[in-house]
Amino acid sequence: MNPINTSNYRPAKTRVPFICTFIVTGLIIFCGSARPAAGAGSMEKGITNTTNSQYAKLRSIDIDDMRWTGGFWAERFEVCRTDMIPNMESLLKNPNISHAYENFLIAAGQKQGRHRGPKWNDGDFYKWLEAVAFVYGVTKDEQLDKQMDEIIEVIGKSQREDGYIHTPVIISQRGRAAENTDTEFENRLDFETYNMGHLMTCACIHYRATGKTSLLDIAKKSADYLYNFYKNSPENLANNAICPSHYMGVVEMYRTTGEPRYLELAKGLIDIRDLIKDGTDHNQDRIPFRRQTKAVGHAVRANYLYAGAADIYAETGDKSLMDALDSIWRDIAYSKVYVTGATGALYDGASPDGSRNHSAIQLVHQAYGREYQLPNVTAYNESCATVGYALWNWRMLEITAQAKFADMFELALYNGVLSTISLDGKEYFYTNALRVVEETPFELRWSRYREKYISCFCCPPNTVRTIAEAGSYAYSISDEGLWVNLYGSNILDTNLAEGAEIKLSQQTDYPWDGTIKITIEKAPAEEFSIFLRIPGWAKSAVVTVNGKTAGENIKPGQYYPVRRKWSAGDTIELNLPMPVQLLEAHPMAEEIRNEVAVQRGPIVYCLESVDLPENIKMLDVTIPPTVEFTSRFEPDLLGGVAVIEGKAHVFAGGDWSDTLYRPLTDKQPKEVDIRLIPYYVWDNRGKSEMTVWLPLR
């Protein structure tokens, strides 16, 4: 794997606590970077700022503390910087395609026109801007900084004096009589709080990356408006919690500014859900949140809600929130998540499906279904739902420091998130099936192949910001030491909880190879622990320190602590064996019963028809129970991937016209060579068929 040229990257800053005292005309002034009192705002610059969150065990490293230096994630970050972000900018700023930025220009009075596009376009633009801010935080590219300044000036001019900001309404109200304009929070499907929530999250990242308050000031006015609206019309605000990104946004604003009203608002956002009349499972408000035990309804709305509730727990310690979150997490992890980490199985369905109370059953779409309801061809799996699921698992990890949440985050990141965008960063999936066949006898309203632009453009910028920010999830800090969550070649220069500097480098070809080498370059004199995540799939992991065994046959699915006094030059080597594994599903998962999926390390694989011999149909391929797979790295295939090869069986399918059932054939199968590729890289070689699950026969 060739390292990426990082000559344009600025090394991470060294941050050490300091205290200075000035005596000016009798006034003593103390200044320093020591940790503020609990609940106070902070210039900590992590992806989420849990430094003062009393009920979170882990905190993030700063944006500029870590940079990828080579291998898998360095390559993805570079494509994000050079292709994903510029390409998406051209789409969002082209009024003939997206109209997203054009709406801001019109709302700001700089152009004439009407609002065009979905009501949630503002939020999608903020997501893209967040990716830009994060990349600037790593690279310090002055052009990005200038570009953001220009955009933020327009956003500020599109905001009302009272803090309200939502371009559909602002444009409607500009220069029109009151009786002919749209009204604030008139329709819950206008997505006002969704847009404001993404503004707040973006503003916090921008502030942490640049030190500028220009966008944060806009977000503060927006948060103040929401607070006042909450005080004056709580039920109306509750009814407008659609895809509630503002739960996460308001909490992050509290963490950043220390404004206690924002924490009051965050807590209130959960409480006022109980005021909703005629709630629906589709919006997770038929039952009060604290009484919920299962994931239901629209998967994006659900996962955003769960992530926001986790943020609120981290600040309040409200046990009733964690009880609900734990039950819902288990429901998803053990009966509703796809093997790729994607969620939201159904295009359309009913909830509560099969209930004795027939009057309670309601329509749902892009939704969680029943337990074990995991179709392949018709799997919805909206890309935003996978991002939301990753965000939720990240927050659960911060709260608990339990490896199962990091495992699920990694599964979703490598398989569910990366699959949503093409390798060149310019084409996107909205839905993510686990089996794609050339023809289906039913309609599916979204394309089964990536597209250059999607009319509902919420998912692509969500994917791009997640890829840009992947480095911030690699490490965490606690009072006990440093936690290694994700593996990839990088340099880290950060500070431990008490302020002491720790600097190290990591070298690995992960996810293709399970050998990871960590070299300490600088460490405090006091002993501390380095916690190594042992993934749930990693059996017989071995840890050595300076060539001597420090742990072997380590139990998977946990963090393994290595505690000692560290010195410059110390090395840790972690070996995670990566055999090819065949996975079977719970017998109640009827759509995939007697089928297997293939996984190696964190990567889930698929069979793409382009890799089959000529005249072999994908649906005729089966895997013999005695199959022996081998893996090898192909540097020139799909950007460089490990492929899996083996022998498969082919049973001639024949003609199924006007046939639903027929006698099982007694013909002997044909043996063929097959090659499996990582699921995330499928649909990069032209249109083809694909399947993750293969019949076992």
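Residues numbered from 1 in each chain as written. Predicted model: local features only at pLDDT ≥ 70, side-chain atom pairs only at ≥ 80, totals over all residues. Heavy atoms only, no water.

Asker: Sorry, what's going on with helix 12 (residues 319-335) here?
Answerer: For an α-helix, 3.6 residues make a turn, and residues three or four places apart therefore share a direction. Over its 17 residues, helix 12 extends 24 Å from the first C-alpha to the last, a length consistent with the 24 Å expected when each residue adds 1.5 Å. Along helix 12, the positions that sit buried rather than exposed are Leu321, Met322, Ala324, Leu325, Ile328, Trp329, Asp331, Ile332, Ala333 and Ser335. Elements that come into contact with the buried residues of helix 12 comprise helix 10 (260-271), helix 11 (299-316), strand 7 (362-368), helix 13 (383-400) and helix 14 (403-417). (Helix = DSSP H or I, 4+ residues; strand = E, 2+ residues; numbered from the N terminus. Expected span 1.5 Å × (residues − 1). Buried < 20%, exposed > 50% of the residue type's maximum accessible area, 1.4 Å probe, protein only. Contact = heavy atoms within 4.5 Å.)

Asker: Where do I start with the pairing of strand 16 (residues 548-554) in this structure?
Answerer: As a general feature of sheets, a regular strand has side chains that alternate between the two faces. Bridging between strand 15 (residues 541-545) and strand 16 involves 5 bridges; their strand directions are antiparallel. Note that in strand 16 the partner of Val542 across the bridge is Glu552. (Pairing = 2+ DSSP bridges.)

Asker: Quick question: what am I supposed to make of the packing of helix 11 against helix 13 here?
Answerer: Closest axis-to-axis distance for the helix 11/helix 13 pair is 8 Å, and the angle between their directions is 20°. Taken together, helix 11 and helix 13 sit at an angle that is classed as roughly parallel. As for how helix 11 packs across helix 13, the hand of that crossing is left-handed. Touching Ala299, Val300, Asn303, Tyr304, Tyr306, Ala307, Ala310, Asp311, Tyr313 and Ala314 of helix 11 are Cys384, Ala385, Gly388, Tyr389, Leu391, Trp392, Arg395, Met396 and Ile399, all from helix 13. Considering only residue class, the contact of helix 11 with helix 13 consists of 15 nonpolar, 2 polar and 2 charged. (Axes fitted to C-alpha atoms, helices over the stretch in contact; angles between N-to-C directions. Parallel < 35°, antiparallel > 145°, perpendicular 65-115°, else oblique. Left-handed = near helix turned anticlockwise from the far one by under 90°. Nonpolar A, V, L, I, M, F, W, Y, C, P; charged D, E, K, R; others polar.)

Asker: I would appreciate a short explanation of the sheet that holds strand 6 (residues 346-351) in the present structure.
Answerer: Spatial strand order, 5-7-6: 3 strands in an open sheet with antiparallel pairing. Taken across any chain shown, the strands that pair with only one partner, and hence form the sheet edges, are strand 5 (297-298) and strand 6. As paired strands, strand 5 and strand 7 are joined by 2 bridges and run antiparallel to one another. Looking across to strand 7, one finds that Gly297 is bridged to Tyr368.

Asker: What is the right way to read the pattern of salt bridges from this model?
Answerer: Think of it this way: side chains of opposite charge can pair up when their charged atoms draw near. Taken as a whole and assessed by the stated rule, the structure comprises 45 salt bridges. Notably, a salt bridge pairs Arg81 with Glu78, separated by 2.7 Å at the nearest N-O pair. Here Glu78 and Arg81 lie together in helix 1 (residues 71-92), a separation of 3 residues that amounts to about one turn. Under the relative-accessibility criterion, Glu78 is labelled buried at 17%. One network of salt bridges, with partners in common, ties together Arg208, Glu252, Arg255, Asp311, Glu315 and Arg395. (Salt bridge = Lys/Arg side-chain N within 4 Å of Asp/Glu carboxyl O.)

Asker: Where do I start with unusual backbone geometry in this structure?
Answerer: Leaving glycine aside, a negative phi is the common case for residues, and trans is the common case for peptide bonds. Following Ser351, the chain continues to Pro352 via a peptide bond in cis, the omega torsion being -5°. Of note, Pro352 is situated in the loop between strand 6 and strand 7. Within the chain, Asn546 stands out as a residue other than glycine whose phi angle is a positive 55°.

Asker: How do you make sense of the nonpolar core when you look at a structure like this?
Answerer: One broad trend across soluble globular proteins is that nonpolar side chains are buried collectively. One finds Phe289, Tyr306, Trp392, Leu532, Leu576 and Val692 to be the most contacted residues of the largest nonpolar core, which totals 240 residues. A per-element tally of this core places helix 11 first, with 12 residues. With sequence-adjacent residues up to four places away left out, Trp392 is seen in contact with Asn303, Tyr306, Ala307, Ala310, Leu325, Ile328, Trp329 and Ile332. (Core = buried A, V, L, I, M, F, W, Y, C linked by side-chain atoms within 4.5 Å.)

Asker: So what exactly am I meant to see when it comes to the sheet that holds strand 17 (residues 558-564) here?
Answerer: The strands that make up a sheet are held in pairs by hydrogen bonds between backbone atoms, and each pair lies either parallel or antiparallel. Taken in spatial order, the 5 strands line up as 3-9-10-14-17 in an open sheet, and their pairing is mixed. With partners counted over all chains shown, the strands left at the sheet margins are strand 3 (59-60) and strand 17, one partner each. Each of strand 14 (528-534) and strand 17 touches helix 14; the most contacted strand, strand 14, lies at about 50° to it.

Asker: What's the story with the pairing of strand 23 (residues 630-634) in this structure? I'm lost.
Answerer: As judged from the 5 bridges shared by strand 23 and strand 24 (residues 641-650), these two strands associate in the antiparallel manner. Residue pairing across strands places Thr630 opposite Glu645, the latter belonging to strand 24. Where strand 23 folds back onto strand 24 in an antiparallel hairpin, the turn is made up of 6 residues, including Leu638, whose phi is positive at roughly 55°.

Asker: Can you help me understand the packing of aromatic side chains in this one?
Answerer: The description of an aromatic ring pair uses the distance of the two centres, along with the angle that the planes make with each other. This structure, assessed with the given rule, holds 41 aromatic pairs. Ring plane angle 80° and centroid distance 5.9 Å describe the contact between Phe72 and Tyr680, whose orientation is recorded as edge-to-face. Placement of Phe72 in helix 1 and of Tyr680 in the loop between strand 25 (670-678) and strand 26 (690-691) is noted, with a sequence separation of 608 residues between them. The burial state of Phe72 is the same as that of Tyr680; both residues are buried. (Phe/Tyr/Trp six-rings, centres within 6.5 Å; stacked < 30°, edge-to-face > 60°.)

Asker: Sorry, what's going on with the side chain of Asp124 here?
Answerer: Along the polypeptide, Asp124 turns up in helix 3 (residues 121-139). Looking at Asp124, the relative accessible area reads 1%, which means it is buried. Beyond its immediate stretch of four places on either side in the chain, Asp124 contacts Tyr194, Phe457, Cys458 and Pro461.

Asker: Would you explain the packing of helix 1 against helix 15 (residues 459-468) in this entry?
Answerer: Between two packed helices, both the angle of their axes relative to each other and the distance between the axes serve to describe the pair. Put simply, helix 1 and helix 15 touch, their axes get as near as 9 Å, and they point 150° apart. Here helix 1 lies roughly antiparallel to helix 15, going by the angle between them. For helix 1 against helix 15, the interelement crossing comes out left-handed. Of helix 15, the residues touching helix 1 (which contributes Arg76, Phe77, Cys80, Met84, Ile85 and Met88) are Pro460, Pro461, Val464, Ile467 and Ala468. Residues of the contact of helix 1 with helix 15, tallied by class, amount to 10 nonpolar, no polar and 1 charged.

Asker: I would appreciate a short explanation of the environment of Leu305 in the present structure.
Answerer: Mapped onto the secondary structure, Leu305 falls in helix 11. Exposure remark for Leu305: the relative accessible area of 0% places this residue in the buried category. A C-alpha to C-alpha distance of 8.8 Å links Leu305 and Trp392, two positions 87 residues apart in sequence. In this view, Leu305 contacts Pro244, Tyr247, Ile270, Arg273, Gln284 and Phe289; residues no more than four positions away in its chain are not counted.

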